[in-house]
Amino acid sequence: MITYLSLFKMRLTQGLQYRVAAFAGILTQFFWGFMYIMIYQAFYQSTNTIQPISLHQLITTVWLQQSLLALIMLWFRNNEIIKLITKGDIAYELCRPVDLYGIWFSRLAAQRLSSALLRFFPILLIAYFLPYPYNFSLPNNFVTFILFLITLVLGLFIVISLSMLIYISMFYTLSGVGSILIFGVIGEFLAGLTIPIPLMPKTLIIITYLLPFRYTSDLPFRIYAGNIAYKEAIISIFVQIFWIITLYIIGKLWLKKALNKVVIQGG
Amino acid sequence: MIQLANICKNYQIYQKKQGVLQAFQSLIHREYKIINALDDITFNINEGEIIGYIGPNGAGKSTTIKIMSGILVPDSGTCNILGFTPWKQRKEYVRHIGVVFGQRSQLWWDVPVLDSYYLLKDIYKVPLKQFKTNLDLLTTKLDLGDILNTPVRQLSLGQKMRCEIAAALLHDPKILFLDEPTIGLDAISKLKVRKFIKEINHEKKLTIILTTHDMNDIEALAKRIILIGKGKILLDGSLPELRQKFTAHKIITICYLTKKDCPIPYKIIAETENKVKLAIDVTKNSISEVINKLSNCYDICDISVDTRSIEEIIVDLYKEYQI
C-alpha cells in the first residue's frame, strides 16, 4: 500500500506544477459551460411541458461537470503510460516487485486528482456568484452532499478501471489515439455528458442505466442537484461497487494475458 | 545460480511493403515473418561472476536479458534463477535483481534524482537504515553528491547513467543486469562506470551480466564471455581462452633503415617502404629467436610486438560464424 501511496504522491506533486495549463483549462471550461447553458436555456424556453429535471438543476450539473472534468472524462489520457507501452519503457515497470495494475491505477488516480484539484475550486467559486438561474448553488442538505462525495469517489474508481481497459488494449493496437477516441466518444454519450440522461428517450435511459458509464458522472451530479432521491442513490452505490469489482477483474485478467505475449518495443 | 536450458523465442514481425497501394493491400491481407530471436540457448552462471554477453546488433542479447529479468516469456525452455522461474514468479523474483537498460530511463524525468530513489525505496520496501547505508555507499563510489538534487532532465548522459546504475542497486540485488551501460558515454565516464562495476562485484559478491559493444568494457570487466549470434550461442569461455584460441600469433612491426637480401621465414601481413608487419605463430617460434633472425636481415630502428586486440578477434569471430 505504501508503494502506491508514494507513487500517488509523486505524481500528484508533479501534476500540481502545471499552473498555466490549469488556468487555460479553467477558461476553456467556462466557455463550454456557458455554451451548454445557452443550449439548455433555448430548449427549456421553447417547450411548455415540464421536464424531468429543472433548468437550474441542470445548470448545477453543468458546472460540476466542467469543474470536475478531469475526474470524469474518459478521454483524459496519461501520456506516460501510453509511452511506456508504445516505446517499450514498460521493461522497467516489469522489473519492479509490484503489481502493474496497481501502479498504473494509482498513477491514473493521481493524475486525475492533481488536475481536478487545481481547477475545480475557482470554477465553482465564480459560478456560485453568477445571477440566478445561471449560478452554481450549494446542495440542499448535508446528507445530499455526503452521498454526492461517496458516489463521486466510487465513480472515479469506475472511470479509472474503464481507462485501464483502454490502456491494456494498447498492447494490441499500439496506438494511443484510436482506443481513447472511440471509448471517449461512446463513453461520453452514455455517461450523459452530451445529452443529459433525464432528457433522453426511455429506451436510451434504460441502456445507460445498464452500462457503467453514467455511474461516473450523471449519478453523483444529479444527486448533488437534488434530482435523485436518497433511496435510488443508495441502490446506485451498490451498482457502482458491482461495476468496480467487475471492471477490476476484467482488467486484471486481461492485463495478465497481454503481458504473457507482450513484446517490448524498440529493442 | 543462473541456469538457462533450451530457451527459444520467436518474434512475429509484420511486413509492410512500401507504397500506397501496398498499404491498402495490407488492410486485407497481412504478411508476417517469423524471426528466431533465440534458438536453444543454454548456459549456467555461478555466483559472483561477471559475464560479458556479446554479439552483433539483433543477435538476441537484449531478448535474453529480458527473459532473465522476467519481462518476456520465452516460447519454450526452462530458466531457473535463484530458485525462481522469472516470468512465472515475477513479483517475488525481481526483488532480487537490479536492471539497467542503457537506452531507457528508470528515473522520473521531472523530479530530482533523490525523489526517484525514495520512490524506489518504497517500491522495494527497503528499510530506511539499509537504504541510507546503500545510498551513502553509492553516492561516494559513483560520485553522485552534487547531482542528487538535480532534476533528471538536466543531467548529462554520463551523470544520468551513474544515477541509473545506483538506482538499480539501492535494494541490494543479488544479480545485476547491465544492458549496454556505457552506451554513448565519454572515456572518463566509461572508466568511472567500469571501476565501479568491478568494485561492487568484488565487495558485494554481486553477479553481473553485462551486454555491450565496447570491447574495452569486456576486457576490463568480464572474466567470462558468452558470444551470441543469430540467436545461438557460439562461444562460451574465458577471455584468455578466447585469446589463445584466436591469437596464437603475435604481430611484430618493424621499421628499418636498410634491408639485406635474405629470406624471411614468417608471414608478412603488410609491407611498405621501410616498414614491415609480420604475423608470428608463438607456439612454433620464440619471440627472441624471431627478433634475432630479423635483426640479421634488417637494420632495425624501431620494433613493436602486439597481441591482436580483442576487437579484431571479435570481428574475426563474427566472420568465422558468418553473423
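Let us look at the structure shown here.

Within chain B, the regular secondary structure consists of 11 helices and 13 strands. For 323 residues, the compact-globule estimate of 2.2 N^0.38 gives 20 Å, and the C-alpha radius of gyration of chain B, at 25 Å, exceeds that figure by more than 25%. Dimensions of chain B along its principal axes, counting C-alpha atoms only, are 75 × 60 × 40 Å. When the 323 residues of chain B are sorted by exposure, 49% land in the buried category. Residue pairs at least 24 apart in sequence account for 72% of intrachain contacts in chain B once pairs closer than 6 positions are excluded. On chain B, roughly 16100 Å² of surface is accessible, and the fraction owed to carbon and sulfur atoms is 51%. Side-chain charges in chain B split into 44 positive and 37 negative, and the spacing between the mean points of these groups amounts to 5 Å.

A separate point is the sheet that holds strand S2 (residues 31-45) of chain B. Residues and elements named next belong to chain B. Strand order in this open sheet of 3 strands is S2-S1-S4, and the pairing throughout is antiparallel. Since the sheet does not close on itself, it has two edges, and those belong to S2 and strand S4 (76-81), each with one partner. Ignoring which end each strand starts from, the neighbouring axes of this sheet average 30° apart. Most of the contacts of helix H2 (residues 61-68) go to strand S1 (residues 2-15), to which it runs at about 120°, and overall it touches S1, S2 and S4.

Where interface size is quoted, it is often the accessible area lost as the parts come together. Counting residues at the interface gives 28 residues for chain B, matched by 31 residues for chain A. Both faces combined, the contact of chain B with chain A buries some 2700 Å², and carbon together with sulfur accounts for 61% of it. On the chain B side of the contact with chain A, Ile71(B), Arg104(B) and Trp108(B) bury the most area, a combined 26% of that side's loss. For the salt bridge of Arg104(B) with Asp89(A), the shortest nitrogen-to-oxygen distance reads 3.3 Å. Counting the contacts that link chain B with chain A gives 11 residue pairs in polar contact (both at pLDDT 80 or more). By residue number, the principal contributor to the side of chain B that touches chain A is helix H4 (residues 113-124) of chain B, which donates 7 residues. The residue makeup of the side of chain B that touches chain A, split by class, is 14 nonpolar, 4 polar and 10 charged.

A separate point is the packing of aromatic side chains. All names here are of chain A. Under the counting rule described, the total for this entry stands at 24 aromatic pairs over all chains. Seen in terms of ring centroids, Phe 43 and Tyr 44 are 5.7 Å apart; in terms of plane orientation they differ by 85°. Their pairing is edge-to-face. Owing to a relative accessible area of 15%, Tyr 44 belongs among the buried residues under this scheme. Grouping aromatic residues by their ring pairs yields a cluster made of Phe 136, Phe 145, Phe 148, Phe 221 and Tyr 224. When the ring centre of Tyr 209 is taken as origin, the NZ or CZ atom of Arg 214, which lies over that ring, is 3.8 Å away.

To continue, consider the environment of Leu253(A). All names here are of chain A. Positionally, Leu 253 belongs in helix H12 (residues 230-260). Among the residues examined, Leu 253 registers a relative accessible area of 58% and is labelled exposed. Between the C-alpha atoms of Leu 253 and Phe 189, which are 64 residues apart in sequence, the distance is 27 Å.

Where burial is concerned, most of helix H6 (residues 157-167) of chain B is hidden: 9 out of the 11 residues are buried. Among all positions in H6(B), only Gly158(B), Lys160(B), Met161(B), Arg162(B), Cys163(B), Glu164(B), Ile165(B), Ala166(B) and Ala167(B) are buried.

Turning our attention to the sheet that holds strand S11 (residues 267-272) of chain B. All names here are of chain B. Judged by pairing direction, the sheet is antiparallel, and its 4 strands sit side by side in the order S11-S12-S10-S13 without closing on themselves. The open sheet has two free edges, formed respectively by S11 and strand S13 (298-306), since each of these has just one partner strand. Pairs of neighbouring strands in the sheet enclose a mean axial angle of 20°, with direction left out of account. Across 7 bridges, strand S10 (residues 249-259) lies against strand S12 (residues 275-281) in antiparallel orientation. Looking at the pairing, Lys 250 lines up with Ile 280 of S12. Set on the sheet, helix H10 (residues 287-297) makes contact with S10, S12 and S13; between it and S13 the angle comes to about 155°.

Conventions we followed
- Residues numbered from 1 in each chain as written.
- Chains lettered and ligands numbered in written order.
- Predicted model: local features only at pLDDT ≥ 70, side-chain atom pairs only at ≥ 80, totals over all residues.
- Heavy atoms only, no water.
- Helix = DSSP H or I, 4+ residues; strand = E, 2+ residues; numbered from the N terminus.
- Rg over C-alpha atoms; globule rule 2.2 N^0.38 Å.
- Buried < 20%, exposed > 50% of the residue type's maximum accessible area, 1.4 Å probe, protein only.
- Contact = heavy atoms within 4.5 Å.
- Areas by Shrake-Rupley, 256 points an atom, 1.4 Å probe, with all protein chains shown as cover.
- Lys, Arg positive; Asp, Glu negative; His and termini not counted.
- Charge placed at Lys NZ, Arg CZ, Asp CG, Glu CD.
- Pairing = 2+ DSSP bridges.
- Axes fitted to C-alpha atoms, helices over the stretch in contact; angles between N-to-C directions.
- Buried area = accessible area lost by both parts, 1.4 Å probe.
- Salt bridge = Lys/Arg side-chain N within 4 Å of Asp/Glu carboxyl O.
- Polar contact = N/O pair within 3.5 Å; in protein donor to acceptor, adjacent residues only side chain to side chain.
- Nonpolar A, V, L, I, M, F, W, Y, C, P; charged D, E, K, R; others polar.
- Phe/Tyr/Trp six-rings, centres within 6.5 Å; stacked < 30°, edge-to-face > 60°.
- Lys NZ or Arg CZ within 6 Å of the ring centre and 35° of its normal.

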